[in-house]
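In case you want the letters, here they are:
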Amino acid sequence: VQGTGGSSAVSKCSAAERGYFQDRFLRLLAGRRRRRAPLIHRGYYIRARAVDHCVQDFLLKTQSLPKTQILSLGAGFDSLYFRLKDMGLLHHTVVYEVDFPNVACQKAALIKGMKELSALVGDTGGEQLGAITYSGDDYKLLGVDLSELSELEKTLEEAGLNNEIPTLFIAEVVLTYMENTRSDALIQWAAEHFPQACFLVYEQVHPEDPFGYVMQQHFRQLNSALHSLAQYSDCEAQQKRFLGKGWTECSVMDMNEFFTCCIPEDEQQRVQTLEPFDEYEEWHLKCSHYFVLAASKGMEPSWTPLSPSVTVPAGAVEMAGSVPAAVCARLSGIPGLRRYGHHSVLIKPSMILTTGGFGEEDGQHCRMRNFHVLSKHAGSWEAVCVTRNVPDKRWGERLYHTVSCLSDTLALVVGGRTSPSSSGLGMLWLKFPKTCNASGPGDVEVELVSLQPAAEAAALRWRHSTTEITFKGEQYLFVYGGRSALEPVLGDWHFLHTPELSCTEIAVEGPVPERRHSHSACSWEGGVLIAGGLGAAEQPLGSIFLLRELEHGFQWQTIETHPPLIPRYSHTAHVHEGKLLLVGGVWLHASSVPGVTVIHLMTGLCLNYVINVEHLEWPLMLHNHSSVFLPNEKEILVIGGGGNCFSFGTHLNPEPVLLSLSSILISH
């Protein structure tokens, strides 16, 4: 548990150095320095921002009072006091910090040894007095175990804590490491002993879904289990916890809601453009698994730092039923299919080609060079061939590309990326023999496509869609949306005439869909169905558009659904007998994860189904996956999926999964 404090100080320091927030004291307190990934920077930015937002609100609301105090529980190597003092915000406020004795002693030694820190406290630190490891006029650093309440109370009294003045308690990922009976007692003690008090909490929530499972495993392995989650698994339970322990007001938000509601738009945009970033799924999932809570009692006026400026849809998602999931018997333990950001496509009626992505090869995490082929024999899917001699330079180890099968010997790869700062990767032909024996197509030939300049713009993108359409009896590929190294979200489209891939101008009328990437696109009745995606402000979209063929061109039409489609992205989609099937994805409703959504295209009826995973021995993470619809069996084969779960490790779905839709696709 003590180790988590040092690690979080290093991460905050790295985020500050990249310009996410200003804090010149972190580098003095963090000790070691290490460059973290952009996803970690964003995670620590939102944490620092939430705590700062509430602390500064408390200081603002109480600035006319003669005296206030802040008690930071489990403060670790946090720089809060030094920042507030440096900003001139502590004229009448004393800050008390509490942590384990050896952590407090280390921090006291750091302060004494650094003029930049000790000068701010005033050089009155003096010798250690019992549990008081450092003491200035407006700063007291105490070494005491928080779970020993009587010891804590005695030490705070010795240090001069005054029960009668407005007090802000801060617990930033602290209470969850304590046994619930002890953390509950601490929450209740604070309410009973301080007539005017506020309590700020930031910690984890939602242990029950796949991301929550990976998160819990991580903390268990660190020997710092998250105790709160079993009893207080969601924001509502945390709110009831405080209201039941003597606090009269309590508001709570998950971090997706906080980012949308409490951070101004220009600041959101600043953070989103600080460094190349392409881990939207994990960012939104991380934010749905952390909350900020502000409780108060006896405050005049009342303390409500978490009042939303915009309304965010809340509440549970209504499910119409469930879809059973089962592993493919002969595909367990097959290497090469543990990956995400890849693409799978039917190249023959019973043969699936999977290319690209990031995954596991020979026990190592890497960008995937191997092409993987699954073939169906006697009713079962088997791994029949892995082609290893893909020319590295041409293939480019790409993620988030598309593959369109144009004939039984030819497929076209469009776009994709290596790193988020690289430009897109252009187009490739994949060629395979006309007749494939039972062991698969043998080697797949890769050929670079030499494009006309007009078509090049269509190729330099990723997280886009490429769909087969028909216009006046001719075949085209419709490339739409996505993102590039320069544009975080694209809204343009291109008609590529096949097979020569010339860019063709075709008139399109109707309301233009807003820009998006990570959406789904399906061929339907000669046109294209576009559903969901991530929009310009990194917000999931709930719109569905049909690009419909007219005599002289195409027309965009909005498809209205009832109830409205819950905004989502990073899902896959298929059309079957007038029904649009959406599989998985990421949405911001933390109460559940997306399963299968069925949209009746003629009536607009939209039904959500939960995926029943009781027969799986591992969490099924349904984003960045690929899926193939098998109409005869009314099944969807899901291949790969998962991602880098913040700092908790990478989760890759270990084997392909079959979703049986027969019960929900009965003709209505």
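Residues numbered from 1 in each chain as written. Predicted model: local features only at pLDDT ≥ 70, side-chain atom pairs only at ≥ 80, totals over all residues. Heavy atoms only, no water.

- As recorded in an unreviewed UniProt entry, the protein chain goes by the name tRNA wybutosine-synthesizing protein 4, listed as coming from Irena cyanogastra.
- Of the protein chain, the UniProt comment under Pathway (unreviewed entry) reads exactly: "tRNA modification; wybutosine-tRNA(Phe) biosynthesis."
- Entered under Subunit (unreviewed entry) in the UniProt record, the comment concerning the protein chain runs "Interacts with RNF144B/IBRDC2." (UniProt positions renumbered as here; feature names shortened; annotations may be inferred.)

Focus on the overall build of the protein chain
Link 1 in the chain: Each helix and strand in the protein chain was counted, giving 16 helices and 38 strands.
Link 2 in the chain: With respect to the three principal axes, the spread of C-alpha positions in the protein chain is 85 × 50 × 45 Å.
Link 3 in the chain: A burial count over the protein chain gives 58% of its 668 residues as buried.
Link 4 in the chain: Total accessible area computed for the protein chain in this model is approximately 26200 Å², and 51% of it derives from carbon and sulfur atoms.
Link 5 in the chain: The positive charge centre, built from 53 side chains, and the negative charge centre, built from 72, are 5 Å apart in the protein chain. (Helix = DSSP H or I, 4+ residues; strand = E, 2+ residues; numbered from the N terminus. Buried < 20%, exposed > 50% of the residue type's maximum accessible area, 1.4 Å probe, protein only. Areas by Shrake-Rupley, 256 points an atom, 1.4 Å probe, with all protein chains shown as cover. Lys, Arg positive; Asp, Glu negative; His and termini not counted. Charge placed at Lys NZ, Arg CZ, Asp CG, Glu CD.)

Description of the domain arrangement of the protein chain
Link 1 in the chain: Taken domain by domain, the protein chain comprises domain 1 (51-177 + 188-205 + 224-297) and domain 2 (319-434 + 442-660).
Link 2 in the chain: Between the C-alpha centres of domain 1 and domain 2 the distance comes to 44 Å.
Link 3 in the chain: Across the boundary between the two partners, domain 1 contributes 17 residues, which contact 26 residues of domain 2.
Link 4 in the chain: Across the domain 1/domain 2 interface, buried area totals approximately 1800 Å², and carbon plus sulfur atoms make up 51% of it.
Link 5 in the chain: It is Asp278, Tyr280 and Glu281 in domain 1 that bury the most area against domain 2; as a group they hold 35% of the surface buried on that side. (Domains from an automatic or database assignment. Contact = heavy atoms within 4.5 Å. Buried area = accessible area lost by both parts, 1.4 Å probe.)

Let's talk about the pairing of strand β34 (residues 626-630)
Link 1 in the chain: Along β34, 5 of the 5 residues are buried, which leaves the element largely enclosed by surrounding structure.
Link 2 in the chain: Side chains of β34 alternate between two faces, with Ser626, Val628 and Leu630 and Ser627 and Phe629 buried alike.
Link 3 in the chain: One ladder, built from 5 bridges, connects β34 with strand β35 (residues 635-639); its direction is antiparallel. Bridge pairing in β35 places Ser627 opposite Val638.
Link 4 in the chain: Where β34 folds back onto β35 in an antiparallel hairpin, the turn is made up of 4 residues, including Lys634, whose phi is positive at roughly 50°. (Pairing = 2+ DSSP bridges.)

Remarks on the sheet that holds β35
Link 1 in the chain: Across the sheet, 8 strands lie side by side as β30-β31-β32-β33-β9-β38-β35-β34; this open sheet has mixed pairing. The outermost strands of the open sheet, each flanked by one partner alone, are β30 (572-576) and β34. Going from strand to strand, the sheet's axes swing by 25° on average, the running direction of each strand aside. (Axes fitted to C-alpha atoms, helices over the stretch in contact; angles between N-to-C directions.)

Remarks on the pairing of strand β4 (residues 139-143)
Link 1 in the chain: Burial analysis of β4 places 5 of its 5 residues in the buried class, which makes it a mostly covered element.
Link 2 in the chain: Sheet topology note: the strand β2 (residues 93-99)/β4 ladder contains 5 bridges and is parallel. Each bridged residue has a counterpart across the sheet, and for Asp99 the counterpart in β4 is Gly143.
Link 3 in the chain: Adjacent in sequence and paired antiparallel, strand β3 (residues 132-135) and β4 are bridged by 3 residues.

Some words on the sheet that holds strand β22 (residues 474-480)
In any sheet, the strands associate via hydrogen bonds between backbone groups, in a parallel or an antiparallel arrangement.
Link 1 in the chain: Strands sit in the order β21-β22-β23-β24 across an open sheet of 4 strands; the sheet is antiparallel. In this open sheet, the two strands that pair with only one neighbour each are β21 (465-471) and β24 (502-504). Pairwise comparison of adjacent strand axes, ignoring direction, gives a mean angle of 40° for this sheet.
Link 2 in the chain: As defined by bridge partners, strand β23 (residues 493-497) adjoins β24 across 3 bridges and the pair is classed as antiparallel. Residue pairing in the sheet places Leu496 in a bridge with Cys503 of β24.

Topic: the pattern of salt bridges
Link 1 in the chain: The tally for this structure, following the rule as stated, stands at 30 salt bridges.
Link 2 in the chain: For Glu116, the salt bridge identified is with Arg27, shortest N-O distance 3.9 Å. You can see Glu116 sitting in helix α6 (residues 115-121) and its partner Arg27 sitting in helix α2 (residues 26-30), a full 89 residues away along the chain.
Link 3 in the chain: Overall, the relative accessible area of 33% leaves Glu116 in the partly exposed class.
Link 4 in the chain: Note that Arg338 and Glu360 form a salt bridge whose closest N and O atoms lie 3.4 Å from each other. Taken together, the residues span a long stretch of sequence, with Arg338 in the loop between β9 (321-327) and β10 (339-340) and Glu360 in strand β13 (residues 358-361) at a distance of 22 residues.
Link 5 in the chain: Through salt bridges with shared partners, one network takes in Asp278, Glu281, Arg417, Arg463 and Arg483. (Salt bridge = Lys/Arg side-chain N within 4 Å of Asp/Glu carboxyl O.)

Regarding helix α3 (residues 38-61)
Along an α-helix, residues three or four apart share an orientation, since each turn contains 3.6 residues.
Link 1 in the chain: Helix length check: α3, at 24 residues, gives a terminal C-alpha distance of 34 Å against a target of 34 Å (1.5 Å per residue), a fit within 8%.
Link 2 in the chain: Within α3, 17 of the 24 residues are buried, leaving the element largely enclosed by the surrounding structure. (Expected span 1.5 Å × (residues − 1).)

A short note on the packing of aromatic side chains
Link 1 in the chain: Tallying each qualifying case throughout the model produces 32 aromatic pairs.
Link 2 in the chain: Both rings, one in Phe259 and one in Trp283, keep their centres 5.6 Å apart while their planes meet at 90°; by these two values the pair is edge-to-face. Pair noted here: Phe259 is in helix α12 (residues 255-262) and Trp283 is in helix α14 (residues 280-288), with a separation of 24 residues, a long-range link. Here the two residues Phe259 and Trp283 agree in accessibility, since each one is buried.
Link 3 in the chain: When the ring of Phe545 is compared with that of Trp556, the centres are 6.1 Å apart and the planes differ by 85°; the resulting orientation is edge-to-face. With Phe545 in strand β28 (residues 544-549) and Trp556 in strand β29 (residues 553-558), the pair connects residues that are 11 residues apart, well separated along the chain. (Phe/Tyr/Trp six-rings, centres within 6.5 Å; stacked < 30°, edge-to-face > 60°.)

Remarks on unusual backbone geometry
Link 1 in the chain: Going from Glu300 to Pro301, the amide bond is cis rather than trans, its omega being -5°.
Link 2 in the chain: Residue position: Pro301 is located in the loop between β8 (290-297) and β9.
Link 3 in the chain: For Lys634, which is not a glycine, the phi torsion comes out positive at approximately 50°.
Link 4 in the chain: Note on placement: Lys634 falls in the loop between β34 and β35.

Some thoughts on the environment of Ser8
Link 1 in the chain: As for its placement among the helices and strands, Ser8 is situated in helix α1 (residues 2-17).
Link 2 in the chain: Residue classification places Ser8 among the buried residues on the basis of a relative accessible area of 9%.
Link 3 in the chain: Distance in space between the C-alpha atoms of Ser8 and Ile40 is 10.0 Å, their sequence separation being 32 residues.

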